[in-house]
Structures are given as C-alpha cells and as structure tokens.
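Chains, contacts and geometry: an overview
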Amino acid sequence: MFFWYFSNGSNRWYINIYRGRNGIIKSFLGPFYLSLAAAIWGGLYVISKFTFDTIPPMTLLFIRYAMASVVLWLICFYKGIPLYLKEKRSLLIQVGFVGYFVSIAAQFVGTNLTSAHMGSLITTLSPLFLSLFAIFLLKEKMNKTQVVSMILATIGIFVIIGVPGAGGYGDQGLGIFILIIASITWGYYSVISRKASRYYSPLQITTVGIMLATIFSFPPIFVEINQWHFSDLFSMPIILSVLYVGIISTALALFSWNKGLQLTPAHQAGLFFFLQPVVGSFFGWLFLKEQLTATFFIGSLFIFIGVYLSMNQKAPKVSFKNKEKAAVEGPIAK
C-alpha cells in the first residue's frame, strides 16, 4: 500500500508494499498448516491399511510410537524442555493410555477390519464425544445444537452400517464399532488433555503421552509375534510406510496442527477435520480400489453436518496456569 509521510518540512515518498503482509501470511499459513495435518492423517488410514497386510496393527502401533518418542525427545532435548513432570501425573497417564494407546489402537484395529475410507470417516465423530465429555468433566452445559448434532451423527452411522438384514456395511459391524470406540476415547482424551494443558505445554503433553503409549503398546506385540517376520521390515514399500506412520503422521502432523491452531481461531480450525475423510476416502479409492457406495456418501453427509454444528460454536474460556497457550488436539495425533 502507498502512503505519504511528512517530516522536517520535506515531502518524502515511502512505499510500504509490505503493509498488512504479516496478516496476509498469517491468514494463509494457518489454513495451510491445518490442511497439511488433516491431509497427512487422511493418508495415514490408507498407508496403515496397506501396511497391515505385512505388519499387524498392534506391532505397527508400537513401532510408530517408538519412532515418534525418539523424534519428540530429541526436539525437547534441543529446546531444553523438561519431561520429568511432577504435577497432575494422573492426567498424563490418562493421556498416554486412553488417548494414544487405547484410542489409536482401536483406530488401527478398526481400520484393519473395515477400510481406509471407513476409518477416516468414523473417527471424525471425535468432536461430538468431546462435547459430551466436556459436559460431565468440565461441567459445560449441553445445548440444543449439540443434541441435534448427536442425532444427525447417529443417523449417519446407521445409514452407513445399515440394519440387520438390510445390507449396507453390516458385515463390517465389529470394525465400525471399534472405530466408534476410538472416537469416544479420543473425545475423552481431548478433554483430559485440555485439563492437563493448564499445567504443561502441548509439546510436553504429547511427548510424555507418546512415551507412555510406547510402554503400553509393547506387551500386545507378543500376541502378534507369529503373524509377521522381522525381515518384512526391509522391503522399500514397508520402510516408507513405517516412516510415514512413525514420523510424518505423528511428529510432522502434530507440529503442523498445533502451529495451525496458533494462527487460526479454534472454531474455524475444527472445520479442517473434514479434510481427513475426504483425503482418506479418495486415496482409499485410488490406491486400494475401495468401493464408495451411495449409503456411504449419504451417511457421510449426516455426520459432516452433525460434526459441523458441534464445532461451529464458541468455546468457553479456559484459564491456563502456564503462559503458553495450549493447543486443542486434532483427530490424532492420528
């Protein structure tokens, strides 16, 4: 933008071609980071579904967290961020166990039993369950919009699954049920993480939570020990897939999501959840040859509307004990 500047009786031109630049960059970078994270998590369902043919779900989960723990620990070490946390350890244990272990394990197992597009869609229900847990744990009030959101999302689920004897996705019912558990536990985790963020930064919560999840996910790998061979890890497609699951979809996506939240209002940031099932469904169709039926699209519409109504509300103000503003976690750390 051009403007006049007068000084010492002389008339001088100043060309401020960068005026408003920071605002423009901020408005662009926020959606960019959020879109990148959502797209990465959408692709995660396709990559993990492909990898499950070689590495079983719980083993892949352990490998993912072991890699992510190293990366995040190095970041914290470089920045001098302490990880020996004394306050509210029970919240951190819940973050690691319920959020990163139970929820993501259910996501992996459910996706393995269904499809990439189904996994990416059903887990977008997390914001609805977040609202429900916020009512009981944070003493927030449930309004009419939240009730309508739950009803619409429930209708969407039944449209997709179908009813007994009516076709649909009835044969994948167990996998869809497990994916719903993943959404419920992620909603609970999100509320617990919000409470923990009054004491610790998002990076501390994420790093400690994933380290704990690495410990929790270690024993289950012995159940699957006869289902794969260590030599399977050394094929190039599997190496790339493991790197994607362990580093890109965890460290990079979490960084992008939290960075995007710093630059974008929370109620707007939540809308980027919708990119996850779009990317997951498209890549599932493109690379895995998954079939997208009419009931899937109709049910998706109900779910999208329900989640949109749930997220398109003003969040209550929360006071934080530390100075760093806590980021609201997205669909996983997915």
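It should be emphasised that the depicted structure is a prediction, and the values quoted were computed from it without experimental measurement. (Residues numbered from 1 in each chain as written. Predicted model: local features only at pLDDT ≥ 70, side-chain atom pairs only at ≥ 80, totals over all residues. Heavy atoms only, no water.)

**Regarding the overall build of the protein chain**
Per the secondary structure count, the protein chain includes twelve helices and two strands. Considering the protein chain as a whole, with its 334 residues, one finds that 49% of them fall into the buried category. Across the protein chain, contacts joining residues at least 24 apart in sequence account for 88% of those joining residues at least 6 apart. Roughly 16,900 Å² of accessible area belongs to the protein chain as shown, and the carbon and sulfur atoms make up 69% of that amount. (Helix = DSSP H or I, 4+ residues; strand = E, 2+ residues; numbered from the N terminus. Buried < 20%, exposed > 50% of the residue type's maximum accessible area, 1.4 Å probe, protein only. Contact = heavy atoms within 4.5 Å. Areas by Shrake-Rupley, 256 points an atom, 1.4 Å probe, with all protein chains shown as cover.)

**Description of unusual backbone geometry**
Even without glycine at this site, Lys-88 takes up a positive phi of about 50 degrees. With respect to the helices, strands and loops of the structure, Lys-88 is situated in the loop between α2 (57–79) and α3 (89–113). You will see that Lys-289, though not glycine, has its phi angle at about 60 degrees, which is positive.

**Some words on the packing of α2 against α3**
Closest axis-to-axis distance for the α2/α3 pair is 9 Å, and the angle between their directions is 135 degrees. On the basis of the axis angle, α2 is oblique to α3. Here α2 runs over α3; the crossing is right-handed. Facing α2, whose interface residues are Pro-57, Met-58, Leu-60, Leu-61, Arg-64 and Tyr-65, α3 presents Tyr-100, Phe-101, Ile-104, Ala-105, Phe-108, Val-109 and Asn-112. Classifying every residue of the contact of α2 with α3 by side-chain character gives eleven nonpolar, one polar and one charged. (Axes fitted to C-alpha atoms, helices over the stretch in contact; angles between N-to-C directions. Parallel < 35°, antiparallel > 145°, perpendicular 65-115°, else oblique. Left-handed = near helix turned anticlockwise from the far one by under 90°. Nonpolar A, V, L, I, M, F, W, Y, C, P; charged D, E, K, R; others polar.)

**Things to note about helix α7 (residues 173–196)**
For α7, which comprises 24 residues, the first-to-last C-alpha distance of 34 Å matches the rise-based estimate of 34 Å (1.5 Å per residue) to within 8%. Burial of α7 is extensive: 18 of the 24 residues sit out of reach of the surface. (Expected span 1.5 Å × (residues − 1).)

**Topic: a nonpolar patch on the surface**
On the surface, a nonpolar cluster with roughly 600 Å² of combined accessible area is contributed by Met-236, Leu-240, Leu-243, Ile-247, Ile-248, Leu-252 and Phe-255. Inspection of the secondary structure puts Phe-255 in helix α9 (residues 236–263). (Patch = residues over 30% accessible without salt bridge, like charges linked within 9 Å, V, L, I, M, F, W, Y side chains within 5 Å. Salt bridge = Lys/Arg side-chain N within 4 Å of Asp/Glu carboxyl O.)

**What to know about the nonpolar core**
With 46 residues, the main nonpolar core has Leu-61, Tyr-100 and Trp-257 as its most contacted residues. Mapped by element, the contributors of at least two residues to this core are α1 (21–51), α2, α3, α7, α8 (202–216) and α9. Of all hydrophobic cores here, the second largest spans 17 residues; its members include Leu-128, Ile-180, Phe-296 and Val-307. (Core = buried A, V, L, I, M, F, W, Y, C linked by side-chain atoms within 4.5 Å.)

**What to know about the packing of aromatic side chains**
Under the definition given, this model contains 18 aromatic pairs. Summarising the aromatic geometry, the rings of Trp-73 and Phe-77 are spaced 5.3 Å apart at their centres and angled 20 degrees between planes, so their arrangement reads as stacked. Residue Trp-73 and its partner Phe-77 are both found in helix α2; the two are separated by four residues, about one turn of the helix. Residue Phe-77 is classed as exposed on the basis of its relative accessible area of 60%. When the centroid spacing of 5.2 Å and the interplanar angle of 85 degrees are considered together, the rings of Phe-97 and Phe-216 count as edge-to-face. Of the two residues, Phe-97 sits in helix α3 while Phe-216 sits in helix α8, which places them 119 residues apart along the sequence. Assessed through its relative accessible area of 27%, Phe-216 is described here as partly exposed. (Phe/Tyr/Trp six-rings, centres within 6.5 Å; stacked < 30°, edge-to-face > 60°.)

**What about the packing of α2 against α8?**
α8 packs onto α2 with a crossing angle of 145 degrees between their chain directions and a minimal axis gap of 9 Å. In this structure, α2 crosses over α8, and the sense of that crossing is left-handed. Taking contact as the criterion, the partners of Phe-62, Tyr-65, Ala-66, Ala-68, Ser-69, Leu-72, Trp-73, Ile-75 and Cys-76 in α2 are, on α8, Leu-203, Thr-206, Thr-207, Ile-210, Met-211, Ala-213 and Thr-214. Broken down by class, the residue content of the contact of α2 with α8 amounts to twelve nonpolar, four polar and no charged.

**Observations concerning α2**
Taking 1.5 Å as the rise per residue, α2 with 23 residues should run 33 Å; its terminal C-alpha atoms sit 33 Å apart, in good agreement. Within α2 the residues assigned to the buried category are Pro-57, Met-58, Thr-59, Leu-60, Leu-61, Ile-63, Arg-64, Tyr-65, Ala-68, Ser-69, Leu-72 and Cys-76. Downstream of α2 by one or two residues, Gly-80 has phi in the positive range, about 70 degrees.

**Notes on the environment of Phe-296**
By the element assignment, Phe-296 lies in helix α12 (residues 294–311). Relative accessible area serves as the criterion here: at 3%, Phe-296 is assigned to the buried category. C-alpha of Phe-296 to C-alpha of Leu-121: the two residues are 175 residues apart in sequence and 9.4 Å apart in space.

**Concerning the environment of Ile-157**
Residue position: Ile-157 is located in helix α6 (residues 144–161). Here Ile-157 falls in the buried class, since its relative accessible area comes to 9%. Once residues within four sequence positions are removed from consideration, Ile-157 is found in contact with Ile-122, Leu-125, Ile-180 and Ile-303.

**Thoughts on the confidence of the model for the protein chain**
The share of residues in the protein chain with pLDDT of 70 or more is 80%, and the mean pLDDT across the chain is 80. Here strand β1 (residues 2–7) stands out as the least confident element of the protein chain, with mean pLDDT 41; α3 is the most confident, with 94. The model gives residues 1–19 a pLDDT under 50, and that stretch makes 16 contacts with residues more than four places away or in other chains. With pLDDT under 50 throughout, residues 315–333 is counted as low confidence; its partners more than four residues away or in other chains account for 55 contacts. (pLDDT = per-residue confidence, 0-100.)

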